[in-house]
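Tertiary structure, described
Listed below, chain by chain, are the residues.
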Amino acid sequence: MEMEIKLFIAGCIFLVIAIIMQMVKKKFIKTEKANKVFADVYSWVDTLWTALIIASVIMYFLIQAFKIPTGSMEKTLLIGDHLFAAKCVYGFRVPFTDGKRILPIKKVKKGDVVIFRCPPPALSPIERAEGVKKDYIKRCVALEGDKVEIKDKVLYVNDVAMQEDYVNYEDTETYKNFNLYESMDEYQKAWERGEFATLPVAFVRDNFGPVIVPKGHYMVLGDNRDASFDARFWGPLPDKYLKGQALVNYWPLKRIKYIK
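Residues numbered from 1 in each chain as written. Predicted model: local features only at pLDDT ≥ 70, side-chain atom pairs only at ≥ 80, totals over all residues. Heavy atoms only, no water.

1. Structural notes on the pairing of strand β6 (residues 135-142)
The test is simple: Burial classes follow relative accessibility: with a 1.4 Å probe on protein chains only, a residue under 20% of its type's maximum area counts as buried, one over 50% as exposed, and anything between as partly exposed. Under the scheme used here, helices are H or I runs from DSSP no shorter than 4 residues and strands are E runs no shorter than 2 residues, and both carry numbers assigned from the N terminus. Two strands pair if DSSP finds at least two bridges between them.
β6 sits mainly inside the fold: seven of its eight residues count as buried. Bridge count for strand β5 (residues 113-117) against β6 is five bridges, and the pairing is antiparallel. Directly across from arginine 117, in β6, lies its bridge partner aspartate 135. Relative to strand β11 (residues 217-221), β6 is paired through three bridges, and the arrangement is antiparallel. Paired with cysteine 140 across the two strands is valine 220, which belongs to β11.

Written out as structure tokens, the structure reads:
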């Protein structure tokens, strides 16, 4: 369950407690001392339910804080960095729908650093069985209809080599190209199903594709290209999993910056 939903539920619980307290006040609170204690407790309960529900609404629709857990985006984002993400920039999420959004401020574009719910193929079998949900952060490098290919670590989009100043390569070794499938159609379908997530890293990391990003999907990669478990492995990112755009790194103080 996502944090904003937990906060909303907690806020509702405290709201019910506040209502019950008002209902029983006249019946059970008789003395001045008891009334003072009641007023103090009620003040805290009233403040809590208001703050929790407001916070849940802000986190669900507008802005959310995230902490970077891995090095997949180094050196753009380091382990332990704290950032704010704008959740409304690609549209306001409609509650109780499968990721539907309305009134987008802008469309996703190449180069955006995006935050999204981890797609099922990126989870381990145990995590899927337990219903685990977690967020990933990667950079969008291609949109629907784009042809994507990686040749000896160089990214090509629509047959044009990309100039990626933000990319970090940790490994000096380049894995050779493996001919995994008899046809590119089989390769495309296997990738879309997320089957590469179970392959050895050497089969996918440095030579990949070509594939076509399906309609309603994005190609997202980590800036730390040699150490990122990304869409090369678990397939194209469905639009419904998108949560927002990373905007500002606010902690630690020496790394405060606009994320680009």
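2. What to know about the nonpolar core
Soluble, globular proteins show a tendency: their nonpolar side chains are buried together. As a reminder, the rule being used: Each nonpolar core is a collection of buried residues, namely Ala, Val, Leu, Ile, Met, Phe, Trp, Tyr and Cys, held together in the definition by side-chain atoms within 4.5 Å. Residue contacts are counted whenever heavy atoms from the two residues lie within 4.5 Å of one another.
Counting residues in each nonpolar core, the largest one holds 35 residues, and the members touching the most others are Phe208, Met219 and Val220. Contributing elements (two or more residues each) for this core: β5, β6, β7 (147-151), β8 (154-157), α4 (184-192), β10 (208-212), β11 and α5 (231-234). In this structure, phenylalanine 208 is in contact with Val148, Glu149, Ile150, Tyr187, Trp191, Phe196, Met219 and Arg232, ignoring residues within four places of it in sequence. Grouped together as the second largest cluster of nonpolar side chains are 11 residues, Met73, Leu77, Ala85 and Ala246 included.

3. Re the sheet that holds strand β9 (residues 160-161)
Strand order in this open sheet of four strands is β9-β8-β7-β10, and the pairing throughout is antiparallel. The open sheet has two free edges, formed respectively by β9 and β10, since each of these has just one partner strand. Looking at chain direction, β7 and β8 are connected through four bridges and run antiparallel. Bridged to lysine 151 within β8 is valine 154.

4. Quick look at the pairing of β5
Most of β5 sits out of view: four of its five residues are buried. With three bridges connecting them, β5 and strand β13 (residues 242-251) associate as antiparallel partners. What sits directly across from valine 114, in β13, is glutamine 245.

5. Comments concerning helix α2 (residues 32-61)
For clarity, the threshold we go by: To estimate how far a helix should extend, the number of its residues minus one is multiplied by 1.5 Å.
Counted at 1.5 Å a residue, the expected span for α2 with its 30 residues is 44 Å, and the 43 Å between its end C-alpha atoms agrees. Those residues of α2 that fall on the buried side of the exposure criterion are Phe38, Tyr42, Val45, Leu52, Ile53, Ser56, Met59 and Tyr60.

6. What to know about α4
Quick note on the threshold: The arc in question is formed by the directions pointing from the helix axis toward the C-beta atoms.
Among the residues of α4, those classed as buried are Tyr187, Gln188, Ala190 and Trp191. Around the axis of α4, the buried residues are gathered within 165° of arc, so they sit on the same side. Looking one or two residues past α4, glycine 194 carries a phi angle of roughly 80°, positive in sign.

7. Quick word on a nonpolar patch on the surface
So the rule is basically this: Surface patches are defined over residues having more than 30% relative accessible area and no salt bridge, joining like charges when they lie within 9 Å and nonpolar side chains (Val, Leu, Ile, Met, Phe, Trp, Tyr) when within 5 Å. To measure how exposed things are, a 1.4 Å probe is used in the Shrake-Rupley method; for residues, cover is taken only from the protein chains shown. We define a salt bridge as a contact between a side-chain nitrogen of Lys or Arg and a carboxyl oxygen of Asp or Glu at a distance within 4 Å.
Taken together, the side chains of Ile54, Ile58, Leu62, Ile63, Phe84, Val248, Trp251, Leu253, Ile256 and Tyr258 define a hydrophobic patch exposed on the protein surface, amounting to about 950 Å² of accessible area. Every element with two or more residues in the nonpolar patch is listed here: α2 and β13. Within the secondary structure, isoleucine 58 is located in helix α2. Judged by its relative accessible area of 38%, isoleucine 58 falls in the partly exposed class.

8. Examining the pattern of salt bridges
Pairs can form between side chains of opposite charge once their charged atoms are near each other. Applying the stated criterion across every chain, the model contains 18 salt bridges. In this structure, aspartate 185 engages lysine 189 in a salt bridge whose closest nitrogen and oxygen atoms are separated by 3.3 Å. With aspartate 185 and lysine 189 both in helix α4, this residue pair falls four residues apart, about one helical turn. Taking relative accessible area as the criterion, lysine 189 reaches 44% and is therefore assigned partly exposed. For the salt bridge of arginine 232 with aspartate 230, the shortest nitrogen-to-oxygen distance reads 2.8 Å. Aspartate 230 carries the same exposure label as arginine 232, and that label is buried.

9. Quick word on the packing of aromatic side chains
Here a ring pair, both rings aromatic, is described through the centre-centre distance and the interplanar angle of the planes. To keep things clear, this is the line we draw: Aromatic pairing here means that ring centres of Phe, Tyr or Trp (its six-membered ring) are within 6.5 Å. Orientation follows from the plane angle: under 30 degrees is stacked, over 60 is edge-to-face, and everything else is tilted. Charge-over-ring contacts are defined here by two conditions on Lys NZ or Arg CZ: a distance within 6 Å of the ring centre and an angle within 35 degrees of the ring normal.
The full count for this structure, using the stated rule, is 13 aromatic pairs. Relative to tyrosine 136, the ring of phenylalanine 116 has its centre 6.0 Å away and its plane inclined at 80°; by these criteria the two rings are edge-to-face. Here tyrosine 136 lies in strand β6 and phenylalanine 116 lies in strand β5, a separation of 20 residues in the sequence. The same class applies to phenylalanine 116 as to tyrosine 136, namely buried. Measuring from centroid to centroid gives 4.4 Å for phenylalanine 178 and phenylalanine 203, while their planes differ by 0°, and the two rings are stacked. Highlighted residues: phenylalanine 178 in the loop between β9 and α4 and phenylalanine 203 in the loop between α4 and β10, separated in sequence by 25 residues. For phenylalanine 178, a relative accessible area of 26% puts it in the partly exposed group. On the basis of relative accessible area, phenylalanine 203 is assigned to the partly exposed category, the value being 27%. For the cation-ring pair, lysine 138 lies above tyrosine 136, with the distance from its terminal atom to the ring centre recorded as 5.5 Å. The cationic tip of lysine 151 hangs over the ring face of tyrosine 156; the distance from NZ or CZ to the ring centre is 4.9 Å.

All we've got here are geometric facts, nothing functional implied.
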